[in-house]
Amino acid sequence: MEAKIQGLPQGLRGDYHRARPDFTLDQDMAEYSAADHATWRTLLARQSALLLRHAASAFRDRLARLPFADGVPDFVRVSELLRPATGWRLVAVPGLIPDGAFFEHLAARRFPVTHWIRKPEELDYIVEPDIFHDCFGHVPLLLHPDFSKFLAAYGRLGEQAARIGALKPLAKLYWHMVEFGLVREGGGIRAYGAGILSSSAETVYATESPKPRRLRFDMWRVLRSDYFIDDLQPTYFVIGDYAELFAAMERVPAMLEAARDAEPIPPGAPSPDDIPCPLH
Ligand code: HBI
Ligand code: FE
């Protein structure tokens, strides 16, 4: 069993012994308490209040179609909406899973979602991704044609990257463009990244604060950019639309080796070809 969770951080709270070899398990709706459903609704209400001003319209429009209002969502119901739209479905996992399994699921259009929810005293911050982050943050854009194509293409790169020891640049791409991505919209800048939109502090900070760098999306820059995992991001990348993100994936296979060998750009540091994106 130790071998099974090799490559994962120590002390994860999920029950990995219950999981299949591909790290999935069955979501059991009966395991959620009334308090769990209340936690979901509290988080949903708080984040929803921020969306109109701060979230990308692609995210808001699709969130409105999802059965999230009453409490912790049932993955079977959500998958029934996803499949006819973009071919994705949700699979339940105990928490973080090893890179290889994660990439395989994405390539097959299965999105791994942690089945448990945070405790009431963790509303503002949690280290591991829980069901609120995974569902609220990631699932709306799985209904978007271009973004969901981008994410499946990302999964398909995992094998090549593992073979040549270039998983780090791929993790940077996921971090900056899936978790913390911004999009230009109607003369302003909105958030679509799951890490931003599942955090109330970062939702406001990323889209309004004058402090962070906001740079025009550049794949080669992103693949070399280090990040903080436990603080607000000092640098965000801004796309024009989700088709741009998908189109940029075509060039990644040819960039991976060079990105692996390049000097990483420290979090928040500038780089010579940066193009700033003003807030207005
Ligand atoms: N597992 N459940 C889960 N969720 C993630 O976002 C995730 C993961 N395992 C690996 C991983 N992310 C990262 O290494 C990606 O950047 C590849
Ligand atoms: Fe995430």
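Before reading on, note that the structure itself is shown above.
Below is a summary of the structure that appears in this document. Fair warning: this is a prediction, and the values are worked out from it, not measured in the lab.

### Re the pattern of salt bridges
Next, step 1: Taken as a whole, this structure holds eleven salt bridges when the rule is applied.
Next, step 2: Across the pair R20 and D26 runs a salt bridge, and its minimum N-O distance is 2.8 Å.
Next, step 3: Look at R20 and you get partly exposed, because its relative accessible area is 36%.
Next, step 4: Among the charged side chains, a network of salt bridges with common partners joins R13, E122 and E128.

### Thoughts on the environment of T42
Next, step 1: Its location among the elements puts T42 in helix α1 (residues 34–54).
Next, step 2: In this structure the C-alpha to C-alpha distance between T42 and H17, which are 25 residues apart in sequence, comes to 30 Å.

### Brief notes about the nonpolar core
Next, step 1: Core analysis: the largest hydrophobic core is formed by 86 residues, its most contacted members being W40, L90, L173 and Y192.
Next, step 2: Tallying contributions element by element places helix α5 (residues 131–142) first for this core, with seven residues.
Next, step 3: Residues in contact with W40, not counting those within four places in the same chain, are F68, G71, V72, P73, I117, I131, F132, C135 and F136.

### Focus on the coordination of the iron ion (ligand 2)
Six octahedral donors around a metal ideally make angles of 90 or 180 degrees; four tetrahedral donors ideally make 109.5 degrees.
Next, step 1: For the iron ion (ligand 2), the full set of protein donor atoms is H133 (NE2), H138 (NE2) and E179 (OE), at a range of 2.0 to 2.1 Å.
Next, step 2: All donor residues of the iron ion (ligand 2) come from one chain, and their arrangement in sequence is H-x4-H-x40-E. Separated by 41 residues along the polypeptide, H138 in helix α5 and E179 in helix α8 (residues 167–179) bring together distant segments of the chain.
Next, step 3: Under the relative-accessibility criterion, H138 is labelled buried at 5%.

### Some details on the pairing of strand β1 (residues 89–93)
Next, step 1: Within β1, four of the five residues are buried, which leaves the element mostly enclosed by the surrounding structure.
Next, step 2: Alignment of β1 against strand β2 (residues 110–114), held across five bridges, turns out to be parallel. The residue of β2 that forms the bridge with V93 is T114.
Next, step 3: With helix α4 (residues 99–107) bridging β1 and the parallel β2, this β-α-β connection has right-handed handedness.

### Re the packing of aromatic side chains
Next, step 1: Within this structure, the stated rule accounts for 15 aromatic pairs.
Next, step 2: A centroid spacing of 4.8 Å and a plane angle of 15° characterise the contact between F132 and F136, whose relative ring orientation is stacked. Here F132 and its partner F136 are both found in helix α5, four residues apart, which amounts to about one turn of the helix.
Next, step 3: Under the relative-accessibility criterion, F132 is labelled buried at 0%.
Next, step 4: Its relative accessible area of 0% is what places F136 among the buried residues.
Next, step 5: Ring centres of Y192 and Y242 lie 5.3 Å apart, and the angle between their planes is 80°; this geometry places the pair in the edge-to-face category. Placement of Y192 in the loop between β4 (188–191) and α9 (194–197) and of Y242 in helix α12 (residues 242–248) is noted, with a sequence separation of 50 residues between them.

### With respect to the site of ligand 1
Next, step 1: Surveying the vicinity of ligand 1 reveals the residues G95, L96, I97, D99, F102, F103, Y154, A171 and Y174.
Next, step 2: Contact distances for ligand 1 include 3.0 Å between a nitrogen atom and a backbone N or O atom of G95.
Next, step 3: Between D99 and ligand 1, the recorded distance is 2.6 Å, taken from a side-chain N or O atom to an oxygen atom.
Next, step 4: Elements supplying a minimum of two residues to the shell around ligand 1: α4 and α8.
Next, step 5: Here the shell around ligand 1 takes three residues from α4, the largest share from any one element.
Next, step 6: Residues that form the shell around ligand 1 fall into these classes: seven nonpolar, one polar and one charged.

### Remarks on α8
Next, step 1: Most of α8 sits inside the fold, with ten of its 13 residues counted as buried.
Next, step 2: Of all the positions in α8, only P169, L170, K172, L173, Y174, W175, H176, M177, V178 and E179 are classed as buried.

### Points about α5
Next, step 1: Relative to the 16 Å expected for twelve residues at 1.5 Å per residue, α5 spans 15 Å between its end C-alpha atoms, a close match to the ideal helical length.
Next, step 2: In terms of burial, α5 is a largely internal element, twelve of the twelve residues being buried.
Next, step 3: Buried within α5 we find I131, F132, H133, D134, C135, F136, G137, H138, V139, P140, L141 and L142.
Next, step 4: Two or three places before F132, at the start of α5, stands the capping residue D130, its side-chain oxygen 3.2 Å from that residue's backbone nitrogen.

Criteria and cut-off values
Residues numbered from 1 in each chain as written. Chains lettered and ligands numbered in written order. Predicted model: local features only at pLDDT ≥ 70, side-chain atom pairs only at ≥ 80, totals over all residues. Heavy atoms only, no water. Salt bridge = Lys/Arg side-chain N within 4 Å of Asp/Glu carboxyl O. Buried < 20%, exposed > 50% of the residue type's maximum accessible area, 1.4 Å probe, protein only. Helix = DSSP H or I, 4+ residues; strand = E, 2+ residues; numbered from the N terminus. Core = buried A, V, L, I, M, F, W, Y, C linked by side-chain atoms within 4.5 Å. Contact = heavy atoms within 4.5 Å. Donors = N, O, S within 2.8 Å, 3.2 Å for Na, K, Ca; no water. Pairing = 2+ DSSP bridges. Right-handed = clockwise from strand over helix to strand, strands pointing away. Phe/Tyr/Trp six-rings, centres within 6.5 Å; stacked < 30°, edge-to-face > 60°. Near = heavy atom within 4 Å. Polar contact = N/O pair within 3.5 Å; in protein donor to acceptor, adjacent residues only side chain to side chain. Nonpolar A, V, L, I, M, F, W, Y, C, P; charged D, E, K, R; others polar. Expected span 1.5 Å × (residues − 1).

In short, shape yes, function no, at least from these values alone.
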